[in-house]
Structures are given as C-alpha cells and as structure tokens.
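Summary of the model geometry
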Amino acid sequence: MKRLATKKKPSGTARGQKPRNRMRTRSGSSGKTGAKAKAGTSLKGRRIAELAAAGRRLGGLLAAGLPVRSASVDGDEAGSCRTDEAAARRQMNDLWARHGGVLSGLNPAGPEYAAAASAFAQGYCERAGLPDKGWFPFPSDQRVSAVILLHGAGPEAFAVQDSPLLRLLGELERLALHEVIIASRDEAVTPQLVQSFAAPRLGAEVKLVGAGGVSAGIASGGGEERPAAAEAAEGDILVFLDASVSSAAEEIAALAGVIARGSDAALCGVSAELPLFHKRPPEVVAKQFVNYALGRRDLQADSLTVLPHALSRQAVTKLGAELAHPARAHGAALIEGLAVSSVRLSGGDTRAARGVRPFAWLDRSRASDHLEALGLAMERLGPRLFYPDNWRRRGYAAGADSPGIAEEPSVSGDSSRESI
C-alpha cells in the first residue's frame, strides 16, 4: 500500500493554529517596530527643526532693539574689532540666558538645546549685522573659566598648524568665556607666547599658570597645576580641558550647563563607550569599583580623571589640594557629599555638520591612582566604609577590654546600600 503524502506542518504550530509569521518581531507586531522607530525619528527631527526656528526668531527679535557695535567695520584696528566682537558675544550669551525661557531651559547635553542655541546665535548675528562665526551660548549667565592642561607639552603645541590645541582654541572662540587659563609645567611656555597665540583668538582674558606664569615654581613631575589654576580662576564654573583633545563648544557648554543647574561636578559620561567588562583595562575596573564601593553605581566607570569635566566653585573650595590627584579628588567629592553628575556628551547635530571629529575624551590615570582614592575613603570612613557589620561580634572573641581586638561600632549606612 502506498503511504499517503501529507503536508508537513510548520514547526512550533499546534493543530488548528495558524502558522507563525517568521517576520514578526519579539514584541509580537509584524514589521511595525521599524515603522514606529522611523516615525519617532522623524518626530524628533521635526521637533529639533521647530526649536531651531524658534531660537532663530528669538535671537533676531532680541537683537533688534539693542545697539550692537559691528565687529567688521572698515578702517577699525584689529584690536578694536576683537573687542567689539567679544562684547557682542557676551551680549548674545546674556540675552539667551535671561530671555531664552523654555529654549534655554532644555537639557544642555541634548541635541535639542544644541540646535536651538546655535540658531539663536545665528539669528542674533544676522539681525545685528555680524558675520556668523558659529557662536554658541551657555545656558546660564554665570562666569565660566576654561582651564587648559598642557600636560608637559611645550611651545611646539602652539606652533604646529592644525594641532589639537589650536583646534581647541578655535572652539573656545565660539563661547562667551570669562577667562582662559593655560596650565603648563614647561618653562619654555611663556606669557608672551600664550598672549601672542591664544589671546588674539579668544577675546577673553588669558592667564598662564605654571613654571613661567602666575604660580611659578611648580614641580615638573606633579599635578600641582590643577589647584594652582583653580586658585587663579575667577569664574563661578571651571571647565578642565586637555590640550591634546579638541573638545567642541557644545560639549563645554553642556558641562557648564549641568553645573549651572546645581551640580558640583559634571563628569564626562564615557561608560557607554567602554567594551564589555572582561575586556576592560585595570584602571577602568578600578574606577568602577570605587564608584560601587562609595555607593554611586549610577556613575559606573565615570570619574574626575577623565577630561573634559567641570567643577563648581564650591567643589573647588572643598577639594582644595586634592585636585592635584584627580582620582583622590573624585573619591573626596563622593565622600564629602558633593552633587556629582555624569553627562553623556554628544555635541548635537551641529558638530557633525561642521566636520568636527566625533566626541573624544582622555584619561591618564592608572589603577593604583584609584586604589589610593579607595584608601582615602577608608581613612575617613573606616575600613568598612558605609557598610555596617551586622553579623560578626568580634568583641566576644577576646573580650571588649582586649587592646588589639575591640568590637567595631555599628555604622548606620544609607538604606540604598547593601550590607556586606
């Protein structure tokens, strides 16, 4: 007898059920997730375009009724042109911070703020008759000081064409900074060199801190340039930068904006760019361990050792000499209860449009530096840090009067921290 041929049912299908659509997504919707994602992207793009248009209109309206001296009048000397341009840039920033309203209140690290702020500056320059040089306003009218750390680089950093330092100075030129402080350990970096290269481009006060500057006599092997620069700074917000990393103006403004909103330390959020845990170098693991041990798991592997970052005046005052050791300063900031935030920098869409390379950061720390930060925490808080010992009673072993073995006091830790 011949076997009757039967149609094979699809795998995973019970009798009486329809075959499962293999094109379905995990959420159960067949092909609709991609459409929703595209719709969300287009909706976000429309919102960014609307915010940019609103910012451009607002910049033009605010500049209409204000006297602004032109920065490109024929016959003016170069010095007066720079003075007028710097004054106009500061005026633009003050208008944005005081009258920006909902636009200036956006997340300073998001693309929405970047689009609205840059469009506001364009509208201001267009109405005031100034050339568009890509100005970018801070979300606050507080004084911002930029500290550039040369890290042993000499005069060649200023002489090389299109060097990271010169690109960084070009980005700082777009901001209404109160001052720029250059910290160097090299005696060959003189105030005359700094003034000739940096001051003409920035339109702000430029100071040199280091071997040949304000705080002469700094040791070449230490990190004393950080506290020296913090002491010389006059701003309410200090943004620390590295001369070998050309941070964008949007990223610098985002860090300053987080400080203006109440944080004491704004860290550069780099944890999302790190590889899997088993592929991470020892210094990254040590950073994350310190954050976990001090009850800040949300920071993951972010730390003050990563440049760029920003500090408030209160943080600079409390940390003091610890700023010379960024890893210890990070641990001290967490111990002192300072408001430490992690900022995921993107620079917005304007960064890619201007042809600037993607977001970059730098960390010169070692694993031993972060272990020193952990040792500092154990010195101040005890060997168990915040974590109480709820199980062991060491006093029962040899008596409470024994000189070497005493019962540890029970420290009431935060309810969010688990006992070990």
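To be clear, the structure that these remarks concern was listed above.
Residues numbered from 1 in each chain as written. Predicted model: local features only at pLDDT ≥ 70, side-chain atom pairs only at ≥ 80, totals over all residues. Heavy atoms only, no water.

Attention now goes to the nonpolar core. Among the nonpolar cores identified, the biggest contains 65 residues, and Tyr 124, Ile 148, Leu 172, Val 180, Ile 182 and Val 239 are the most heavily contacted of them. The leading source of residues in this core is helix H3 (residues 111-128), at nine residues. What Val 180 contacts, discounting residues up to four positions off in sequence, is Ala 146, Ile 148, Leu 172, Leu 202, Glu 205, Val 206 and Lys 207. One finds Leu 267, Val 290, Ala 332 and Ala 333 within the second-largest nonpolar core, a separate group that totals 38 residues. (Core = buried A, V, L, I, M, F, W, Y, C linked by side-chain atoms within 4.5 Å. Buried < 20%, exposed > 50% of the residue type's maximum accessible area, 1.4 Å probe, protein only. Helix = DSSP H or I, 4+ residues; strand = E, 2+ residues; numbered from the N terminus. Contact = heavy atoms within 4.5 Å.)

So, on to unusual backbone geometry. Leave glycine aside and you will find that most residues have negative phi; peptide bonds, for their part, are mostly trans. Along the chain, Leu 307 connects to Pro 308 via a cis peptide bond; the corresponding omega equals 10°. The backbone of Gln 300 shows a phi angle near 50°, a positive value even though the residue is not glycine. Relative to the elements of secondary structure, Gln 300 occurs in the loop between helix H10 (282-293) and strand S6 (306-307). In this model, Leu 385 sits at a positive phi of 55°, which is unusual for a non-glycine residue. Topologically, Leu 385 is positioned in the loop between helix H14 (367-381) and helix H15 (395-398). Judged by its relative accessible area of 9%, Leu 385 falls in the buried class.

For the rest of this paragraph, the subject is the pattern of salt bridges. Inspection of the entire model under this criterion finds 17 salt bridges. Residues Arg 56 and Glu 126 are paired through a salt bridge, measuring 3.0 Å at the closest nitrogen-oxygen approach. Of this pair, Arg 56 sits in helix H1 (residues 32-64) while Glu 126 sits in helix H3; the two residues are 70 residues apart in sequence, bridging distant segments of the chain. The partly exposed category is assigned to Arg 56, whose relative accessible area is 36%. When its relative accessible area of 55% is taken as the criterion, Glu 126 is described as exposed. Between Glu 336 and Arg 380 there is a salt bridge, with its nearest N and O atoms 3.1 Å apart. Of this pair, Glu 336 sits in the loop between helix H12 (326-335) and strand S8 (340-343) while Arg 380 sits in helix H14, and the two are 44 residues apart along the sequence. The class of Glu 336 is partly exposed, set by a relative accessible area of 38%. Counted as one network, the salt bridges with shared partners bring together Glu 85, Arg 89 and Lys 133. (Salt bridge = Lys/Arg side-chain N within 4 Å of Asp/Glu carboxyl O.)

Considering all chains together, one arrives at three aromatic pairs under this definition. Aromatic side chains Trp 96 and Tyr 113 sit 5.8 Å apart centroid to centroid with 70° between the ring planes, which places their arrangement in the edge-to-face category. One end of the pair, Trp 96, is in helix H2 (residues 78-99); the other, Tyr 113, is in helix H3, with 17 residues separating them in the sequence. The residues Trp 96 and Tyr 113 share a single accessibility class, namely buried. Between Trp 96 and Phe 120, the ring centres sit 4.9 Å apart and the planes meet at 55°, which makes this aromatic pair tilted. Residue Trp 96 is found in helix H2, and its partner Phe 120 is found in helix H3; the two are separated by 24 residues along the sequence. The exposure class of Trp 96 is buried, given its relative accessible area of 0%. Of the aromatic side chains, those joined through ring pairs into one cluster are Trp 96, Tyr 113, Phe 120 and Phe 136. (Phe/Tyr/Trp six-rings, centres within 6.5 Å; stacked < 30°, edge-to-face > 60°.)

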